[in-house]
Amino acid sequence: MTEGERILEKEMPEPGQSERALRQSQERLRLTIAAADLGMWDWDIVSDQGVWSPRCLELFGLSPGTRVTYQRFLETIHPEDRDRIDQAIRTAMERHEDFDAEMRIVWPNGTVHYLAAGARAYYDPSGRLTRLIGFAKDITQHKLAERQLSQQAMLLDLAPFFVVDIDYHIVFWSRGMQMLYGWSGPEVLGKKSVELLQTSFSTPLEQIRDKLFRDGSWEGELVHTRKDGERITVACLLVLQRDASGQGISVMEVNNDIIQRRQAHEAVRESQERLSLAIATANLGMWDWDIVSDEGVWSPRSFDLFGISPGPRMTYQHFLETIHPEDRERVDRSIRAVVERHEDYEGELRIVLPNSTVRYIVSRGHANYDPLGRPTRMIGVAMDITARKQAEDALRAAKEELARANQELEEKVRQRTAKLQEAIGELQHMSYSMIHDMRAPLRSMQGFATLLEEDYTDSLKDQGLEYCRLIRQSATRLDHLVADALNYDNVVRQDFPLTPVEVGSLLRGMIETYPNLQEPEAHITIEFSELVVHGNPSSLTQCFGNLLGNAVKFVAPGVKPRVDVRAEAIGETVRIWVEDNGIGIPNDAQQRIFGLFQRVCHEGEYPGTGLGLAIVRKAVERMGGRLGLESEPGKGSRFWIELQMASF
């Protein structure tokens, strides 16, 4: 039975006690609780209301006057202990047993405290649980002492020491000795240490015993043999244990491998040298802040970085005073926040040197805490990043200047583009007017040549009539060229609205309109009925007019033109093929024929302006489509136009 349970058992009044006896019992209970530093609580289970003493609220980290329910009580418990305590309380109530447990409490400031708690349940006549009265006691220091003793015992067991009786028989052998020498405890107990370890003494054994029994201890170096046969040199400490009468009863021998110790010291020295070299190479300043005493130890480089002469006692306030006023509050808030959250600190700040120069510093720190979670020390480094920040500022300024220059350049390009577009527009207007106005004199040339032939046939010789024919023929060719040039200009410059176009109807209407596309001049087959695409009706008429016109024109002499127009769906587009039985196109000409004024055949063989396919290419591009060709000389040509499908 715990102390609190004994108090509850002894002091809780039973029903029927007199009022005076009750007051006396309550007074004794109050004094006992105060003397034992207990916090008491009384939980009404029916209403879920708890009455807690001020000391009990304090133990659980709650403010005076806090309304405590069972859920609020559970919330104060460390998350790792919460389910266990809840289950223990419920089990005790179900079994009509007293509750007794230890738990960890997390205060609002994040610190952890250990409490021992006990409780007794009370029931009504029907056996229903109505009330739970209990106590709590702070056992934090006790738990920390237990932990410290446990750690010390563990460390002691890991230390390389053993105990022998006066005749050197081993009576205790630590784990540290097992790790150093290789033998376990059961293997060595009862054996003589000097024989087991094959000890070699630097000082005669008799002299060692004389000093040990005279002074109670002896220190020196010994050479031992390990279980694997390796000889090692150890630093040995012998301590004599005496009985009440002063007689020696046992000797404790502590051994440390000098080679391992020397290697460890050498490793530490090398590590420190590497650290010093790294710090020097990185030009870092080191600082160590004792948070409890508010004293800082700074390296000479740290003083130099912060513009302070070495020597003064550095406090946290001194550090803050070196920071630029605009950064001071931010840095202070950041350091306090990471210390509270048990996180590492990293931040950039500006330092104002005594000569008013501003220096940029990046600082990193790590805090250490005591067992209760309170910060005790913070160690860190500082590095000058002024050059980097200046480079960043210069780069930022350069980017801003480049952006400004780009903006100015874009404005100049915009202005010049506008002027160029204006000039191009004027040239286009002038060229269009010139081309358009050329048709009138051409028609006059054709008319006058015709009149000469008709009215002066008798007067003109055969050569004169031939000249008139050539004049009419040249004027006609030039008129066709002007017409095609105007058509190309229209395709390039005019608005180009796209609408659903039924291709089959458009093609059949064209065939009915143009005699050169009809029987017996040519045989044209359309292999689809309804096909709707996104296009411009006028431009599509020009495209198919040129493709069909070329198909029936470029055939070998004596061959009747045959043209097949078919379509194939490709995803959301449709490819319309125009396949002929003509003379075909050489491979080296299949790309250039879509350019302006490009011809494959001589004018005398097949008349044309060289603009038809250029008009087709430009019109298809403006309708968002594609154009292509497959052909072999003597085997006909297969032109295709690919456009987006649509629906009416």
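First, a word on scope: everything that follows refers to the structure included in this document. Predicted, not measured: the structure shown is a model, and the values here were computed from it.

What counts and what doesn't
- Residues take numbers from 1 onward in each chain, read along the sequence in its written order.
- In view of the model being predicted, local features appear only for residues whose pLDDT reaches at least 70, and side-chain atom pairs are presented and counted only at 80 or more, with totals across whole chains, interfaces and linings using the full set of residues.
- In computing side-chain values, all of the structure's heavy atoms are included and hydrogens and water are not.
- A 1.4 Å probe rolled over the protein chains alone gives each residue an accessible area, and that area as a share of the maximum for its type sets the label: buried under 20%, exposed over 50%, partly exposed in between.
- Under the DSSP-based scheme used, a helix requires at least four consecutive residues in state H or I and a strand at least two consecutive residues in state E, with every element numbered from the N terminus.
- Strand pairing requires that DSSP identify at least two bridges connecting the strands.
- Only heavy atoms enter the contact rule, under which two residues are in contact if any of them lie within 4.5 Å.
- Note on geometry: axes are lines fitted to C-alpha atoms, helical ones only across the stretch in contact, with angles between N-to-C directions running from 0 to 180 degrees.

### Points about the pairing of strand β12 (residues 284–290)
Where burial is concerned, most of β12 is hidden: 5 out of the 7 residues are buried. Bridging between β12 and strand β16 (residues 375–384) involves 7 bridges; their strand directions are antiparallel. Considered in β16, the bridge of Trp289 is made with Met378. Where β12 lies against strand β13 (residues 295–298), 4 bridges are found, and the strand directions are antiparallel.

### Observations regarding the side chain of His224
Take His224: it is sitting in strand β9 (residues 217–225). Apart from residues no more than four positions distant in its own chain, His224 is found in contact with Tyr181, Leu197, Thr199, Glu230, Arg231, Ile232, Val234, Glu253 and Asn255.

### Some words on the sheet that holds strand β15 (residues 358–369)
If you walk across this open sheet you meet the 5 strands as β13-β12-β16-β15-β14, and the pairing is antiparallel. Both outer strands of the open sheet, β13 and β14 (345–352), are each paired with one neighbouring strand and no more. Direction aside, the axes of adjacent strands within the sheet are offset by 25 degrees on average. Running at roughly 155 degrees to β14, helix α14 (residues 325–340) makes contact with β14, β15 and β16 of the sheet.

### A look at the sheet that holds strand β20 (residues 562–570)
The sheet built from 5 strands is open, its strands ordered β18-β20-β21-β23-β22 with mixed pairing. Here the strands that pair on one side only, and so sit at the sheet edges, are β18 (523–526) and β22 (626–631). Strand-to-strand twist across the sheet, computed as the mean angle between neighbouring axes with direction ignored, equals 20 degrees. By the bridge criterion, 4 bridges tie β18 to β20 in an arrangement that is parallel. Across the sheet, the residue bridging to Ile524 is Val563, located in β20. Together, β22 and β23 (637–644) form the strand contacts of helix α19 (residues 612–622), whose direction differs from that of β22 by roughly 140 degrees.

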